[in-house]
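Listed below, chain by chain, are the residues.
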Amino acid sequence: MVFTLLIAADIHGTKTNYEVEFPVQPTIPDLHRKVELVFGTDFVAKAPPGCPGAFVIDRMQIFDERVELWVDLLSSTQLQEFSQIYVFQPETAWHREVQSKLPPAVRAPPQHHHVSSPVAASPSAGMNISGVSPNRSISVASLAHVPVAPIIPVAPSAASILLRSGADASHEEKVSMVFDEMDARKIRAIDLSEFQAFLTNLQFEFSVNTISDLFTKADTNRDGSISYPEFQRFAERYPTLLDAMHYRAREYWQDVRQKEGIEAARRLLESLRAREIDARAASAQAAAETAAQEGRLAAQLQAVAEAEAKEREALAILDASRQETERARAEVAARCAEEQAARDNERMKQLQHIEAQRDVEAAEGRLRLQESEQAQAEDRLREIERLMMEQQRECEMQRMNTQRARGDLSNAQGVEQQAAMISAEASRDVQMAAERVALAKGDLARAQDRERDCTAAHLGAREATAHQRVQKEKEEQELLICREREASKRAIEVESVRAVEAQEAMCRSLEQENMEHAAARAKVQAEEAPLIDQEVKLREQRDHLEQREAALRDEAGAFNIRHTGTRGVASPRSLHYNSPMGAASPLAVQGISPDRSPRRQFGSPISAHGSYNNYLQRKY
């Protein structure tokens, strides 16, 4: 919803009036900043050579349409849609405020980024408030003593003239004002319907015949309408009625203005109440949002605690996995050492097997050598039979050596078999150690995998914890924003409540003032009703007496002709006859002073002297 204000200022001797728009009803600081922005560029662009400084705000006044006065702008509650504001600047050698007529509001220049509606669409455009700028010397404290409003409408109506007129208005001013008010068609002529409607609306308790008789007396030329000169003569004949018409017309329009002010105050009160309801709803919504945000923050804190617990659990699992990995590494190292020892033992056994094989081969070589030597010996035995006996011992010895060689061979073979068995056993130990190393390496790989998984889980838990902490900080920031928004809404609600209370007090004051005004008006009307009736009756008596006077003059003339032979007759004024128009004003005849206070009342409207008076006495 756009909030539009009319803001005027004096820019180097030229009154400038802009329509300025705000997204919402501005505060006083916001209004100051916007005014400085709007008028700052114009002030610099239109500055005469050598003019220093920039646009500075001294104070601001707003036009109060309810009392038709400029008042100091002190609070944002004084602002209404399309209110007229005037900005005062400090008086310097280059600037002096001069009271003059304000121009109609126009759109602000494009660089100010304001889009305004046409002037005719604004409520203030048709209310003639763009009169003159306020006087710098008028302040809030002195407003009660200012007799004339600082705004002068361009085309004043009869109602506004009546409202500005006081009890000291002259007779001619009252005649002009009442005639203009009665002339509904504005043709400078009043017909019977207008005359009757005027008296009826102002609650004159005249009968239809009395109103028709008064109209007939006013319409001297009998053309069916009362012209201004005829109304002037009528007012001279009925001054008390004129005073009552002027007073009641002025009081009527004042009552209308007061009721309009009360209605405007009530509309503003309804608007303020609606705004208060909206403020209460917004405050409740902000409180609900704050409570919801606090709930989300509590849930986020719980999520952070759970994430930290999961992180600690993952860290404990990671530590256990690392310890298990270290144990597996130690087991692998031990199994590798055992494997290495088994391999060393295998190599040693293989060397022993090789040595045993070499011994077997050496024994076999010796056996083959010995068998060859045995064959040679047998050959020598056969060849040398004779040496048989000699060689028999040697043969036996060689047999024994052969047997021992065979025993050595058998022993070497046994040692070889034993070494082969030991080597096979060592190979089996190496194979088992290799299998245990493979198993240990598998356990190590699985432990390393578990360690990597636990590390990844720990990193994930740490990231989740960091994310939850960041989310918690965001929720805390959002909670702070919600609390600030709630405080702002509560302040707006309090301000709305205060504005509603102040407006209610103002409405009650205006209604009380209107009631007192109506009571005073009723009292005055009750007091003047008999005076008006007396004036009408006296006027009727005077008219009747004037008619009888004319008839008596005719009879007196005829009487003088019959008795004296002359046609002359003394003038009533020469006989000291107090004619109705020659005497004091009808107000004095009725015992009413021009200030509407009772005076001494006369016993009779006519007192005559001389022979003419004697004639009247003899005649009647």
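If you're wondering where the values come from, they're calculated on a predicted model, not measured in any experiment.

(A) Structural detail: the overall build of the protein. In terms of regular secondary structure, the protein is built from 10 helices and 8 strands. Taking all 620 residues of the protein together, the buried fraction comes to 37%. Residue pairs at least 24 apart in sequence account for 73% of intrachain contacts in the protein once pairs closer than 6 positions are excluded. When the accessible surface of the protein is split by element, carbon and sulfur atoms take 54% of a total near 35700 Å².

(B) Spotlight on helix 8 (residues 388-564). The end-to-end C-alpha separation of helix 8 is 247 Å, in line with the 264 Å expected for 177 residues at 1.5 Å each. Maximum bend of helix 8: about 30 degrees, positioned at Glu-528, with proline Pro-530 one to four residues after it.

(C) Molecular detail of the nonpolar core. Of all hydrophobic cores here, the largest spans 28 residues; its most connected members are Phe-195, Phe-204, Phe-206, Phe-231, Phe-234, Leu-241 and Met-245. If you tally residues by element for this core, the top one is helix 7 (residues 239-383), at 5 residues. Ignoring sequence-local partners within four residues, the contact set of Phe-204 consists of Leu-199, Leu-241, Ala-244, Met-245, Arg-248 and Ile-532. Listed in part, the 24 residues of the second largest apolar core include Phe-22, Val-38, Phe-55 and Ile-57.

(D) Region of the structure containing the packing of aromatic side chains. Tallied over the full model, the rule gives 13 aromatic pairs. Ring geometry for Phe-195 and Phe-234: centres 6.2 Å apart, planes at 80 degrees, overall edge-to-face. Of this pair, Phe-195 sits in helix 4 (residues 192-201) while Phe-234 sits in helix 6 (residues 228-237), and the two are 39 residues apart along the sequence. For Phe-195, a relative accessible area of 0% puts it in the buried group. A residue is classified by how much of its surface remains accessible, and Phe-234, at 4% relative accessible area, is buried. Pairwise contacts between aromatic rings join Phe-179, Phe-195, Phe-215, Tyr-228, Phe-231, Phe-234 and Tyr-238 into one cluster. Lying over the aromatic face of Phe-88, Arg-59 brings its terminal NZ or CZ to 4.5 Å of the ring centre.

(E) Region of the structure containing the pairing of strand 4 (residues 69-72). Going residue by residue along strand 4, you find Leu-69 and Val-71 tucked away on one face and Trp-70 and Asp-72 tucked away on the opposite face as well. By the bridge criterion, 4 bridges tie strand 3 (residues 59-64) to strand 4 in an arrangement that is antiparallel. Bridging from a neighbouring strand, Gln-61 pairs with Asp-72 of strand 4. Between strand 3 and strand 4, which follow one another and run antiparallel, lie 4 residues, and Glu-68 among them has a positive phi close to 55 degrees.

(F) Representation of the packing of helix 3 (residues 171-182) against helix 7. Axis separation between helix 3 and helix 7 bottoms out at 9 Å; the angle between their running directions is 60 degrees. Here helix 3 is positioned oblique relative to helix 7, judged by the angle of their axes. The two elements helix 3 and helix 7 meet at a crossing, and its hand is left-handed. Between helix 3 and helix 7, the residues in contact are His-171, Lys-174, Val-175, Met-177, Val-178, Glu-181 and Met-182 and Leu-242, Asp-243, Met-245, His-246, Ala-249 and Trp-253, respectively. Of the residues in the contact of helix 3 with helix 7, the class split is 8 nonpolar, 2 polar and 3 charged.

(G) Broad picture of the sheet that holds strand 3. Across the sheet, 6 strands lie side by side as 4-3-5-1-2-6; this open sheet has mixed pairing. The open sheet has two free edges, formed respectively by strand 4 and strand 6 (106-107), since each of these has just one partner strand. Across the sheet, helix 1 (residues 28-45) lies against strand 1 (3-11), strand 2 (14-22), strand 3 and strand 5 (84-88), angled at about 135 degrees from strand 2, the strand it touches most.

(H) Geometry of the pattern of salt bridges. For the coordinates displayed, the defined rule picks out 40 salt bridges. Among the salt bridges present, the one from Asp-191 reaches Arg-185, with a minimum N-O distance of 3.7 Å. The exposure class of Asp-191 is buried, given its relative accessible area of 18%. With a closest N to O distance of 2.4 Å, Glu-324 and Arg-450 form a salt bridge.

(I) Representation of the pairing of strand 2. Extensive coverage of strand 2 is indicated by the burial of 8 of its 9 residues. For strand 1 and strand 2, the ladder comprises 9 bridges, and the chain directions are antiparallel. Its bridge partner lying in strand 2, Asp-10 is registered against Lys-15. Between strand 1 and strand 2, which pair antiparallel in sequence order, lie 2 residues; one of them, His-12, sits at a positive phi of approximately 55 degrees. Relative to strand 6, strand 2 runs parallel, the two sharing 2 bridges. In the sheet register, Glu-19 faces strand 6, and the bridge partner there is Arg-107.

(J) The environment of Glu-486, seen in detail. Structurally, Glu-486 can be placed in helix 8. Given the relative accessible area of 9%, Glu-486 is considered buried. C-alpha of Glu-486 to C-alpha of Gln-285: the two residues are 201 residues apart in sequence and 8.3 Å apart in space. Aside from chain neighbours lying at most four places away, what touches Glu-486 is Ala-286, Ala-287 and Thr-290.

(K) How the structure looks around unusual backbone geometry. You will see that Lys-186, though not glycine, has its phi angle at about 60 degrees, which is positive. Looking at Lys-186, the relative accessible area reads 55%, which means it is exposed. Residues other than glycine seldom take positive phi values, yet Gln-203 does so here, at roughly 65 degrees.

(L) Examining the packing of helix 7 against helix 8 more closely. Closest axis-to-axis distance for the helix 7/helix 8 pair is 2 Å, and the angle between their directions is 180 degrees. Of the possible angle classes, the one that applies to helix 7 and helix 8 is roughly antiparallel. In the contact of helix 7 with helix 8, the residues fall into 62 nonpolar, 32 polar and 56 charged.

(M) Region of the structure containing the side chain of Thr-290. For Thr-290, the location among the structural elements is in helix 7. In this structure, Thr-290 is in contact with Leu-479, Cys-482, Arg-483 and Glu-486, ignoring residues within four places of it in sequence.

Cut-offs used in this document
Residues numbered from 1 in each chain as written. Predicted model: local features only at pLDDT ≥ 70, side-chain atom pairs only at ≥ 80, totals over all residues. Heavy atoms only, no water. Helix = DSSP H or I, 4+ residues; strand = E, 2+ residues; numbered from the N terminus. Buried < 20%, exposed > 50% of the residue type's maximum accessible area, 1.4 Å probe, protein only. Contact = heavy atoms within 4.5 Å. Areas by Shrake-Rupley, 256 points an atom, 1.4 Å probe, with all protein chains shown as cover. Expected span 1.5 Å × (residues − 1). Bend = angle between axes of the 7 residues up to and from the residue. Core = buried A, V, L, I, M, F, W, Y, C linked by side-chain atoms within 4.5 Å. Phe/Tyr/Trp six-rings, centres within 6.5 Å; stacked < 30°, edge-to-face > 60°. Lys NZ or Arg CZ within 6 Å of the ring centre and 35° of its normal. Pairing = 2+ DSSP bridges. Axes fitted to C-alpha atoms, helices over the stretch in contact; angles between N-to-C directions. Parallel < 35°, antiparallel > 145°, perpendicular 65-115°, else oblique. Left-handed = near helix turned anticlockwise from the far one by under 90°. Nonpolar A, V, L, I, M, F, W, Y, C, P; charged D, E, K, R; others polar. Salt bridge = Lys/Arg side-chain N within 4 Å of Asp/Glu carboxyl O.

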